[in-house]
Amino acid sequence: MARWCYRHRLVVLVLWVGALFGLGAAGSSAGTNYSNSFSLPDTDSTHAYDLMVTAFPESSGDTDTVVWRVSEGSVRDTAVRERIEPALKEIAGMKGVGDVASPYVPAGATQISKDGRIAYAQVTFAEQANGVPKKLVEDVVDTAQDAGRAGLQVELGGQAIARIQEPPTGTAELVGIAAAAVVLFLAFGSFFAMVLPLVIAIFGVGTGMLSTMLLSHATDVPEVAPLLGSLIGLGVGIDYALFIVTRHRKGILRGMAPEDSAVTALNTSGRAVLFAGGTVCIALAGMLVMNMRFLDGVVIATSLTVVLSVLAAITLLPALLGVLGMRVLSRRQRRRLAANGPESVEPGGAAARWSVTVQKRPRSIALVALVVMAALAIPVLSLRLGATDQGNHRNDTTTRQAYDLLAEGFGPGFNGPLQLVAKDAEPAAVQSLVGKVRATEGVAQVVALPSQPGSGVTVIQVVPTTSPQSEQTDQLIDTLREEVIPQSGEEVHVGGVTAIFKDFAAVTGDRLPYFVGTIIALGFLLLLIAFRSLVVPLTAALMNLIAAAASFGVLVAIFQWGWGAEALGLGKEGPITAFLPVIMLSLLFGLSMDYQVFLVSRMHEEWVHTKDNARAVRVGLAETSRVINCAALIMICVFSAFVLSGDMEGAMAGIGLAAAVALDAFILRTALVPAAMHLLGKSNWWLPAGLEKRLPHLAVEPREDAPEPALSVLGPRAQPGDGAGGSVVHGFVRTESGEPVGEAILTLVSPGGSQVDRVESLADGSYILSARAGGAYMLAVTAGVHEPWVRHIMIGGDPLVHDVVLSDLGVSR
């Protein structure tokens, strides 16, 4: 398929562009129909909600609030009314506004605070918040705030008002893409290579979000789902393309033709991308274990975006590689390749030096990494699940100001009243219950609302003395349910937004251990099959738990404890959104599996060839840490940019995932994991013989096919596998004058670019390299001040003797 896409690149490009614009046209005409229902079946708050819907059908539109406060006097003063009443009348006359409930009519007397300094009016629109035209909301805000003056503060709150405060759609995505572009350019040094991962991510996320828009008409998709889908889609889309493009560029630099290099890259790294994308989708599907319909839409949006990102990486990317050809390399790299020939595959630089350091000091490095992760995980012990509201908005927003004014004038609990709902209750029992609730500690106000004739439903509105996010409010709900209501002898349910979110958080907390167990078990099985080891998947599971604890510790410190939240423009501290741990753990598990697969697969390959654990861990870390760190840095940029989304849940997810990726890539995968594997030694690769026979075989990377035949120093190149089996190549490394060269690095490379074996020559210049099968290979030699030496060789069934002569001035043989 990769070769077909490469050769028929125009067809592939037309199909992808057509799909993107076709979905865009369909999405624009259909619009969106997102749902924000957090209720759960068989909970007390859901029973209350169902009774309320039956007895009091909700008005068709969104209800928002205009709040005003005077610094002196009373809101009843003539001067104040002369400014506010005309504004309310003008708002009521706007097309799209259904009703305005003013405090300056007899029925609105309770809308003025006891001290007379704060009042509010309720504005009901003809549509729900998502459907209210932005221009209408802006006119309402401008009209209301124009009535303000010195000594008269006017603010507005509500869902429709909050929507116009959000940054333009796509701001977070654009900032994330721009930051990723900088990282990619620094990594590749080529404009065209930089663009490739960005284009893949844009097509994957674009088609994913547009498809989610259409699916919102067929199933319940929460409003936050597209944001989370774009967040994970950008990260994995760029990273997956980065892995493939990096492999492709290495192939070209090692002398392969662009088409062969692209096919090899897709057949190796592309398969790893398919495996990694599958693990992400499996992790996301693990959310279904929670049995929450709200999360089903999140699974659909995020999984669909990941699938489309993977599809773009394995179809659109080879087509784009075909369009670019050699231009995927920078001009300097192309000139150097033409002048010096294929480059050595020997890893070097900071990655190789760090790998050696980890091998020399595994205990100290593991200890430091564990201490850092443990310190960051401490705040998770105080994790409290709940929900955010407009009280968590930034100080400078009108919604936050309105929230604070209502709390000041009518009590902290006014922004989240409770509703006690009873069916066919006796009037005397209702009055008795009202008295008992009023006498309950933590209750500020109790009002029995007029019953709807013929409904048989009674509603008692309870205003707590504490805010909706307070732990005392949660305790009040428990007291009402467990003590006060049972004493009444009536079947009464506690509902309202605050109770719904409390129940949602409680159910999430109860089911979370089963969810964590499921995704950890799935990850264990996948790695067990892929790497034929019990210790490697156990280590990965433990590392995932450590990464999760540390990242949630960072999340708690910032959003729940408020460390730097206001300074970062994140708003006021509060509980962690109840559904966030489930989503974050799914994404973190999937991304951690990606890095684990790319890191350990290279170690496993080296172990299979050499049976030397120290060498396998050292080589695997040296050759993969740079690309893993680069990929992680890109994800950190993308995720951090979602702080600009204007959505508190999006900001939480962005910062939490950015912290998780940073800790996972920079501390766990490049320090703790390799250090632990050095300490464990050969036991890393232990698997009982009985289990080995029963496990299915799953190769992350298949056996590579050799490119077209070419001449080697020993004649026509043979295909790998033509020999009678594994063999060796040995000889001496000398200078032109015949002096032996010790500590020269000799690397045997397969036609596809994978390292088969690597050794250092001894003091007398001798070396021995092993090959898994006869066939064509490339031998690369580097040694101190000598010029790199690269030659194609052909290994048969018998050992091959091949001496190497190095020169200070160039290759002599």
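Above this text sits the structure in question.
Here we summarise the structure given alongside this text. Throughout this document, residue positions are counted from 1 along each chain, in the order its sequence is written. Only residues with pLDDT of at least 70 are given local features in this predicted model, and only at 80 or more are side-chain atom pairs given and counted; all residues enter the totals for whole chains, interfaces and linings. Hydrogens and water molecules were not included; the side-chain quantities draw on all heavy atoms of the structure.

**Some remarks on the pairing of strand β8 (residues 457-464)**
The element β8 is largely enclosed, with a buried count of seven among its eight residues. DSSP calls a pair of strands paired once it identifies at least 2 bridges connecting them. Labels follow the DSSP assignment, with helices taken as runs of H or I lasting at least four residues and strands as runs of E lasting at least two, numbered in each case from the N terminus. With six bridges joining them, strand β6 (residues 418-423) and β8 adopt antiparallel strand pairing. Bridge pairing links K423 to V457 in β8. With six bridges connecting them, strand β7 (residues 443-449) and β8 associate as antiparallel partners. What sits directly across from L449, in β8, is V459. Relative accessibility thresholds used throughout: buried, under 20% of the residue-type maximum; exposed, over 50%; partly exposed, between the two (1.4 Å probe, protein chains only).

**Observations regarding helix α14 (residues 362-377)**
Because an α-helix completes one turn every 3.6 residues, residues spaced three or four positions apart along the sequence face the same direction. For α14, with 16 residues, the first-to-last C-alpha span of 22 Å sits near the 22 Å given by 1.5 Å per residue. Turning to α14, its buried residues are P362, I365, A366, A369, M373 and A377. For α14, the angular spread of the buried residues around the axis is 100 degrees, confining them to a single face. In this structure, α14 carries R363, L367, V368 and V371 as exposed residues pointing more than 90 degrees from its buried face. Multiplying 1.5 Å by the residue count of a helix minus one yields the expected span of that helix. The arc in question is the one traced by the directions running from the helix axis out to the C-beta atoms.

**Observations regarding unusual backbone geometry**
Generally, phi is negative for residues other than glycine and the peptide bonds are trans, each holding for most cases. Although it is not a glycine, R532 sits at a positive phi angle of roughly 50 degrees. Residue position: R532 is located in the loop between α18 (497-531) and α19 (535-560). Taking the relative accessible area as the measure of exposure, R532 reaches 13% and is therefore buried. Positive phi outside glycine occurs at E743, with the angle close to 60 degrees. By the element assignment, E743 lies in the loop between β13 (727-735) and β14 (745-749). Here E743 falls in the exposed class, since its relative accessible area comes to 63%.

**Points about the sheet that holds β14**
With respect to topology, four strands assemble into an open sheet ordered β15-β14-β17-β18, the strand pairing being antiparallel. A single partner strand is all that each edge strand has here, and the edge strands are β15 (755-760) and β18 (789-795). The sheet shows a mean angle of 20 degrees between the axes of neighbouring strands, taken without regard to direction. Note that β14 and strand β17 (residues 775-782) share five bridges and pair antiparallel. Bridging across to β17, V749 finds its partner in M778. Every angle, taken between N-to-C directions, lies between 0 and 180 degrees, and every axis is a line fitted to C-alpha atoms, over only the stretch in contact when it is a helix.

**As for the sheet that holds strand β2 (residues 97-101)**
The strands making up a sheet associate through backbone hydrogen bonding, with each pair oriented either parallel or antiparallel. Strand order across the open sheet formed by four strands is β2-β3-β1-β4, with antiparallel pairing between neighbours. Both edges of this open sheet fall to β2 and β4 (152-157), since each of them pairs with a single strand only. Adjacent strand axes in the sheet meet at a mean angle of 20 degrees when their direction is disregarded. Judged from the four bridges that link them, β2 and strand β3 (residues 118-125) form a sheet pairing that is antiparallel. Across the sheet, the residue bridging to V97 is F125, located in β3. In the packing of helix α4 (residues 78-92) onto the sheet, the strands contacted are β1 (63-70), β2, β3 and β4, and the crossing angle to β2 comes to about 155 degrees. Residue contacts are defined here by distance: any two heavy atoms, one from each residue, within 4.5 Å place the two residues in contact.

**Some thoughts on the side chain of Q560**
Mapping Q560 onto the fold places it in helix α19. A 3.5 Å cut-off defines polar contacts: any pair of N or O atoms within that distance qualifies, except that in protein one atom must be a possible hydrogen donor and the other a possible acceptor, and neighbouring residues in sequence count only when both atoms are side-chain atoms. Among the polar contacts made by the side chain of Q560, one reaches the main-chain carbonyl oxygen of S382 at a distance of 2.5 Å. Setting aside its immediate chain neighbours within four residues, Q560 contacts S382, L383, R384, L555, E573, G574 and I576.

**Digging into the packing of aromatic side chains**
Centres within 6.5 Å make a pair out of two Phe, Tyr or Trp rings, where for Trp the six-membered ring is used; the pair is then stacked when the planes are under 30 degrees apart, edge-to-face when over 60, and tilted otherwise. Enumeration according to the criterion identifies eight aromatic pairs in this entry. Measuring from ring centre to ring centre gives 5.3 Å for Y120 and F410, while their planes differ by 85 degrees; the resulting arrangement is edge-to-face. Taken together, the residues span a long stretch of sequence, with Y120 in strand β3 and F410 in helix α15 (residues 398-410) at a distance of 290 residues. Neither residue differs from the other here; Y120 and F410 are each classed as buried. Members of the aromatic cluster, connected to one another through ring pairs, are Y120, F410 and F414. Criterion for a charge above a ring: Arg CZ or Lys NZ at most 6 Å from the ring centre, at most 35 degrees from the ring normal. Taking the ring centre of F192 as reference, the NZ or CZ of R327 above it sits at 5.5 Å.

**Some thoughts on the pattern of salt bridges**
The salt bridge definition used is simple: a Lys or Arg side-chain nitrogen within 4 Å of an Asp or Glu carboxyl oxygen. Inspection of the entire model under this criterion finds 14 salt bridges. E85 is the salt-bridge partner of R81, the closest N and O atoms lying 3.1 Å from each other. One end of the pair is R81 and the other is E85, both in helix α4 and four residues apart, which spans about a single turn. We note a salt bridge from R400 to D404, for which the minimum N-O separation is 3.1 Å. Placement of both R400 and D404 in helix α15 is noted, with a separation of four residues, approximately one turn of the helix.

**Here's the deal with empty space enclosed by the protein**
A pocket here means an open set of points on a 1 Å grid, computed over the protein atoms alone, that has protein on both sides within 12 Å along at least five of seven lines. A cavity is instead a set of points where a 1.4 Å probe fits but cannot get out; residues with an atom within 4 Å of a point line either one. Grid points are joined across faces, edges and corners, and a volume is the space filled by probe spheres set on the points. Under the definition given, this model contains four cavities of 30 Å³ or more. By volume, the largest cavity is sized at about 40 Å³. What lines the largest cavity is simply L420, A422, A425, A429, V430, L433, T458, I460, E490 and V492. Of all the secondary structure elements, the ones that give two or more residues to the lining of the largest cavity are β6, α16 (427-438) and β8. In terms of residue count, α16 provides more of the lining of the largest cavity than any other element does, three residues in total. Under the scheme applied, nonpolar residues are Ala, Val, Leu, Ile, Met, Phe, Trp, Tyr, Cys and Pro; charged residues are Asp, Glu, Lys and Arg; polar residues are all the others, including Gly. The residue inventory of the lining of the largest cavity, partitioned by class, reads eight nonpolar, one polar and one charged.

**Details of the nonpolar core**
Residues M287, L295, F559, I634 and F639 are the most contacted members of the largest nonpolar core, which totals 163 residues. The element contributing the most residues to this core is helix α22 (residues 648-680), with 20 residues. M287 has contacts with L295, V298, V299, T302, F515, V582, I583 and S586, leaving out every residue within four places of it along the chain. Within the second largest apolar cluster, 30 residues are counted, among which are M94, A119, A144 and A160. Residues grouped as a nonpolar core are buried Ala, Val, Leu, Ile, Met, Phe, Trp, Tyr and Cys residues, joined through side-chain atoms within 4.5 Å.

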